[in-house]
Amino acid sequence: MRPALKTLVDRVTFLYEDLDFTAVKEWKERTGGKAVGYMPIYVPREIIHAAGMLPVGVLGGGEGLEIIRGDAYFQSYICHIPRSTVELALSGRLDCMDGMLFPSICDVIRNLSGMWNMMFPDRYVRYIDVPQNYDPEVGGSFWRREIAELRADMGRIAGREISDDDIRNSIKVYNENRAALDDLYAARSRTPWVYPIAELYLVLRAGCLLPPEEHTALIREYLELAPQESDRKDKDHSRVVIVGSFCEQPPVGLLQTLERAGCWIVGDDLILGLRWLLRDVDTEGDPITALSDAFLVHSTEAASRYEPGNAKGSQLIASVRDNDAEGVIFCAPSFCDPALLDQPMLVTALDKAGIPHTQFKFSEDTGQFAVIREQAGTFSDSIRLWSEV
Amino acid sequence: MTRPVDADKDRSMELQKEMIAGMFDDLATAHEDGKKVVYTFVPGNLTELIRSFDLLPVLPEINALQSGMRKLSGGYITEAEKQGHSEDVCTYVKCDLGMLKKGNVGPTGKRLPEPDLLLLSYTGCFTFMKWFELLKQEYDCPVAMLHVPYQPDGKIHDHQREYIVKQMRTELIPKLEQVSGKKYDEDRLKEMLAKSAKAEDDLVHVLESAKNRPSPIDAYFGGVYYIGPMFTAFRGSDQGLEYYRLLREEVDARVAAGLGPVTPDGTMTKEKFRLVVEGPPNWTSFREFWKMFYEEDAVVVASSYTKVGGLYDRGFRHDPARPLESLADYCLGCYTNLGLPSRVELLEEYVKEYEADGFMINSVKSCNSFSAGQLLILRQIEERTGIPGGFIESDLVDPRYFSAANIKNRIESYLQMLEQKRGAGVGA
Ligand code: SF4
Ligand code: SF4
């Protein structure tokens, strides 16, 4: 690996592994600004950014965190991310957050917002309730009001008024970030061997910690550097889309295992919040309305979002087609109600479309991948055979 | 200790049985009789609104719990899992889908009609949304989504209420009109809401009778029967009114006679422990579960489960003067739609107001809406009230998660601990 790429990869690896949020602390020291954490998946980060603060995606403790106290807060049949997040907080690692946002995604995150209120009464906590009605006059009017409240709160924490122009500017910054991510995913889909999944994931994940401007630059740099690695060659892999990992994240080792087992992951819903909006947000007119409209009309298909028509699974199928994928791997966290309840509906849609699929569950701290490797290998072989018939 | 059951048959109990049987009879022949049905959920249910269009509500949660009580749920859940539903998710959903796959025969052995409308009232639980998305794939009928925002701070904000009312006006009422072929009749709705409010007064009187010593009711195991008509299809109806009037009279008579609660084995004659319980009960071994309490002379004086369909005891009433607004407030205020701090406050107040000796959580595997956070609730209640809490785990309708010996053991040790704490032999 050339030195420039190595430096970049080392940096994103450090960001991923560093459970002390050093990058956030350094940013705060450097800029004198404040940081606001958010749980998966969607929050309008533009509002935090417009206040001159750093939005920080808190995605649990992953594989590297030993759970000492977190388990005492959750029964065995609840997914892993809330316990590792509580562990992060109780061990002081989230002290650098000047506020925490808990978006509307499932009952676990919802209740965690209330737990936060009780466990950390001196800290700012907000539950972000997104509408499930997409009429601009109905759900839109509710959502605009929620965003306006968030704006007022963020202004208070930052100690300054957030102007419309501040928000418009942040919308632009995030539009650029979205475009860079789109380019990254398009490049990966074209030549997956050039952008190994672990690198792709860590570059994506850095978006949870870096200011968006820096993240965009990092993606652009990575897009330039990765193709310069001449030893990255195509392999006889099958092409798959993975689905179900929008909240609790699989360990990077698991993603690598899939790749090593013969699957190019050419589409995914990892850290979906960073890619929630499918189009640019309007930079003209009232910025709150622009953010609200973007959410109402251009949100990605997701298990936490009501699907009004009968098109369930259509976006997944489109992703399979657009990325020239041959199959889908359901890769959901154990006990994740939204992902696991969604799965049978998506299975039905895939079956109708004749798209093969397989499934397994993980936990963010899963350390053994042998079974998954075997399963993914068999799946990859079978779809390759199948597509040759 | 209990005394035999025969002497204790209450008229209200008989009436409830008749009402429920009648409801399932009506449903069985609904389509032949030219009636349309609306599938919907218990928390935040809009029974009066549905009935004001002469539509019949079907509540899949009630079917699931009834299937649990009739020992049918295990088979249904296995069926759903065979069809690809995860073992990790809510068993109410799987019980319902399994029942559907096996012919949709309801709890009374009669076939349930297919829905003419799915009313997805999304109150207090995300799984509801997935549940009806799943049902939507099975039926060719319209769906109305009613999104009820959460109350993280326990307060109803105007924009939340407005959001719900707007959804009723633009989404729900037009669909109810379309399905029923009738126009929205606000006067009729108001009449029903007035009846609801009257019955709600009576229900609150009954629930609060547990402040007496001995308590004339068990507010959890008995409580689930008392809330039955109110939380299901009978709010706003004459039958509902009559049921609660009768129930209130009976409970008043028990108080006057100094009697304890009625259990399946008769009247409790001794009240040794007064408990507050959080979480839903287990339905597959409901009687066995209840017995574990009354055999130890433990009576539940207040419970949160009996508030999933509304916190009437905290003052909420359906209000004919503001029909849609009060329906919106009702949806917002259901127990599992409240933030955890509000839930803790409520439970703390119950422990104090009802002079409980103990606080117990039945944590069900199925329900993240209830269960996520319960271990913190336990600690908070212990800290705030100074009484130790007990914790048991089971499930709603999955018999694989009811370990009788283990649960009995836990309950007994907990009660022994309470007894030791207050000094042996002290009873009420
Ligand atoms: S992993 Fe699933 S169940 Fe757990 S918090 Fe995330 S969305 Fe909720
Ligand atoms: S998760 Fe809980 S509230 Fe939701 S449907 Fe299941 S049992 Fe009911």
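Reading the values: rules and limits
Residues numbered from 1 in each chain as written. Chains lettered and ligands numbered in written order. Predicted model: local features only at pLDDT ≥ 70, side-chain atom pairs only at ≥ 80, totals over all residues. Heavy atoms only, no water. Helix = DSSP H or I, 4+ residues; strand = E, 2+ residues; numbered from the N terminus. Rg over C-alpha atoms; globule rule 2.2 N^0.38 Å. Buried < 20%, exposed > 50% of the residue type's maximum accessible area, 1.4 Å probe, protein only. Contact = heavy atoms within 4.5 Å. Areas by Shrake-Rupley, 256 points an atom, 1.4 Å probe, with all protein chains shown as cover. Lys, Arg positive; Asp, Glu negative; His and termini not counted. Charge placed at Lys NZ, Arg CZ, Asp CG, Glu CD. Near = heavy atom within 4 Å. Nonpolar A, V, L, I, M, F, W, Y, C, P; charged D, E, K, R; others polar. Domains from an automatic or database assignment. Polar contact = N/O pair within 3.5 Å; in protein donor to acceptor, adjacent residues only side chain to side chain. Salt bridge = Lys/Arg side-chain N within 4 Å of Asp/Glu carboxyl O. Pairing = 2+ DSSP bridges. Axes fitted to C-alpha atoms, helices over the stretch in contact; angles between N-to-C directions. Phe/Tyr/Trp six-rings, centres within 6.5 Å; stacked < 30°, edge-to-face > 60°. Lys NZ or Arg CZ within 6 Å of the ring centre and 35° of its normal. Buried area = accessible area lost by both parts, 1.4 Å probe. Core = buried A, V, L, I, M, F, W, Y, C linked by side-chain atoms within 4.5 Å.

As for the overall build of chain B
Okay, so step 1: Of the regular secondary structure elements, chain B holds 16 helices and 11 strands.
Okay, so step 2: A compact globule built from 428 residues would reach a C-alpha radius of gyration of about 22 Å, and chain B, at 21 Å, matches this within 12%.
Okay, so step 3: Across its three principal directions, the C-alpha atoms of chain B cover 65 × 50 × 45 Å.
Okay, so step 4: Out of the 428 residues in chain B, the part that is buried amounts to 64%.
Okay, so step 5: Restricting the contact set of chain B to residue pairs at least 6 apart, pairs at least 24 apart contribute 79%.
Okay, so step 6: Here chain B has roughly 14,600 Å² of accessible surface; of this, 49% comes from carbon and sulfur atoms.
Okay, so step 7: Of the charged side chains in chain B, 53 are positive and 65 negative; the average position of the first set lies 1 Å away from that of the second.

Points about the overall build of chain A
Okay, so step 1: Within chain A, the secondary structure is distributed over 14 helices and 8 strands.
Okay, so step 2: In terms of overall size, chain A behaves like a compact globule, its C-alpha atoms giving a radius of gyration of 20 Å where 389 residues would be expected to give roughly 21 Å.
Okay, so step 3: Taken along its principal axes, the extent of the C-alpha atoms in chain A is 65 × 50 × 45 Å.
Okay, so step 4: Across the 389 residues of chain A, 65% fall into the buried class.
Okay, so step 5: The contacts of chain A with a sequence gap of at least 6 include a subset with a gap of at least 24, amounting to 74%.
Okay, so step 6: Of the roughly 14,100 Å² of accessible surface on chain A, a fraction of 49% belongs to carbon and sulfur atoms.

Regarding the site of ligand 1
Residues and elements named next belong to chain A.
Okay, so step 1: If you check the shell around ligand 1, you find 13 residues, and the closest are Cys79, Cys106, Ile109, Cys247 and Cys336.
Okay, so step 2: Taken together, the elements giving at least two residues each to the shell around ligand 1 come down to helix H5 (107-119) and helix H13 (337-353).
Okay, so step 3: Tallied by class, residues from the shell around ligand 1 come to 11 nonpolar, no polar and 2 charged.

Focus on the site of ligand 2
Residue and element names in this part refer to chain B.
Okay, so step 1: The immediate surroundings of ligand 2 are formed by Cys90, Tyr92, Cys125, Thr127, Phe128, Trp131, Ser366, Cys367 and Leu396.
Okay, so step 2: If you tally residues by element for the shell around ligand 2, the top one is helix H6 (residues 127-138), at 3 residues.
Okay, so step 3: Taken together, the residues that form the shell around ligand 2 break down as 7 nonpolar, 2 polar and no charged.
Okay, so step 4: Mapping the shell around ligand 2 onto the domain boundaries places at least three of its residues in each of domain 1 (11-184) and domain 2 (188-423).

Remarks on the environment of A:Arg151
All names here are of chain A.
Okay, so step 1: On the secondary structure map, Arg151 appears in helix H6 (residues 139-158).
Okay, so step 2: Sequence separation between Arg151 and Ile162 is 11 residues, and the spatial gap between their C-alpha atoms is 7.0 Å.
Okay, so step 3: If sequence neighbours within four positions are ignored, Arg151 has contacts with Ile47, Ile162, Ser163, Asp164, Ile167 and Ile288.
Okay, so step 4: Within the structure, the side chain of Arg151 is placed 2.7 Å from the side chain of Asp164, a separation counted as a polar contact.

Description of the environment of B:Glu383
Residues and elements named next belong to chain B.
Okay, so step 1: Structurally, the position occupied by Glu383 is in helix H15 (residues 374-385).
Okay, so step 2: Glu383 sits in the exposed class, given a relative accessible area of 65%.
Okay, so step 3: Here the alpha-carbon distance between Glu383 and Glu348, two residues 35 residues apart in the chain, equals 9.9 Å.

Let's talk about the pattern of salt bridges
Okay, so step 1: For the coordinates displayed, the defined rule picks out 65 salt bridges over all chains.
Okay, so step 2: Put simply, B:Arg161 and B:Asp158 hold a salt bridge, and the shortest N to O gap is 3.2 Å. Here B:Arg161 pairs with B:Asp158, and both are found in helix H7 (residues 158-180), just 3 residues apart, close to one helical turn.
Okay, so step 3: Connected via shared salt-bridge partners are A:Arg126, A:Arg145, A:Glu146, A:Glu149, A:Asp153 and A:Arg156.

Side note on the sheet that holds strand S2 (residues 37-39) of chain B
Residues and elements named next belong to chain B.
Okay, so step 1: Read across the sheet, 4 strands follow the order S3-S2-S4-S5 without closing on themselves; strand pairing throughout is parallel. Of all strands in the sheet, those with a lone pairing partner are strand S3 (56-58) and strand S5 (143-147), marking the two edges. With strand direction ignored, the average angle separating the axes of adjacent strands in the sheet is 25°.
Okay, so step 2: With 3 bridges connecting them, S2 and S3 associate as parallel partners. Its bridge partner being in S3, Val37 is matched across the sheet by Leu56.
Okay, so step 3: Packed on one face of the sheet, H7 meets S2, strand S4 (117-122) and S5 and runs near 165° to S5.

Structural notes on the packing of aromatic side chains
Residue and element names in this part refer to chain B.
Okay, so step 1: In this structure the tally under the stated criterion is 37 aromatic pairs over all chains.
Okay, so step 2: Each ring, one from Phe289 and one from Phe402, has its centre 5.7 Å from the other, and the planes form 80°; the classification is edge-to-face. With a gap of 113 residues between them, Phe289 in helix H11 (residues 286-294) and Phe402 in the loop between strand S11 (389-394) and helix H16 (404-422) connect regions that are remote in the sequence. Take Phe289 and Phe402: they sit in the same class, and that class is buried.
Okay, so step 3: The residue whose ring lies beneath Lys211 is Tyr354, and the NZ or CZ to ring-centre distance is 5.2 Å.

Some points on the interface of chain A and chain B
Okay, so step 1: Opposite the 53 residues of chain A that make contact, chain B presents 54 residues.
Okay, so step 2: Each partner contributes to the roughly 4,500 Å² buried at the junction of chain A and chain B, and carbon and sulfur atoms together form 59% of this total.
Okay, so step 3: Where chain A packs against chain B, one counts 3 salt bridges.
Okay, so step 4: The salt bridge partner of A:Asp342 is B:Lys130, with a shortest N-O separation of 2.7 Å.
Okay, so step 5: Across the contact surface, chain A and chain B share 30 residue pairs in polar contact (both at pLDDT 80 or more).
Okay, so step 6: Counting only elements with at least two residues in the side of chain A that touches chain B, the list comes to H5, H6 and H13 of chain A.

A look at unusual backbone geometry
Okay, so step 1: The linkage connecting A:Pro40 with the following residue, A:Ile41, adopts the cis geometry, with an omega of 0°.
Okay, so step 2: By secondary structure assignment, the location of A:Ile41 is in the loop between strand S1 (35-38) and helix H3 (45-50).
Okay, so step 3: Of the consecutive residues B:Arg213 and B:Pro214, the connecting peptide bond is found in the cis state with omega at -5°.
Okay, so step 4: Within the secondary structure, B:Pro214 sits in the loop between helix H8 (186-208) and helix H9 (223-231).
Okay, so step 5: One non-glycine residue, A:Phe21, lies in the positive phi region at around 55°.

Quick look at helix H8 (residues 197-205) of chain A
Residues and elements named next belong to chain A.
Okay, so step 1: Across the 9 residues of H8, 9 count as buried, placing the element largely inside the fold.
Okay, so step 2: Listing the buried residues of H8 in full gives Ile197, Ala198, Glu199, Leu200, Tyr201, Leu202, Val203, Leu204 and Arg205.
Okay, so step 3: At its buried positions, H8 is contacted by helix H1 (3-17), helix H7 (164-190), helix H9 (212-225), helix H10 (252-260) and strand S6 (263-267).

Considerations on the nonpolar core
Okay, so step 1: Of all hydrophobic cores here, the largest spans 256 residues; its most connected members are A:Leu101, A:Trp116, A:Met154, B:Tyr92 and B:Phe359.
Okay, so step 2: With sequence-adjacent residues up to four places away left out, A:Met154 is seen in contact with A:Val36, A:Ile47, A:Ile48, A:Ala51, A:Met53, A:Leu101, A:Tyr124 and A:Ile162.
Okay, so step 3: In terms of nonpolar packing, the next biggest core, distinct from the first, is built from 26 residues, B:Leu55, B:Leu117, B:Leu119 and B:Val179 among them.

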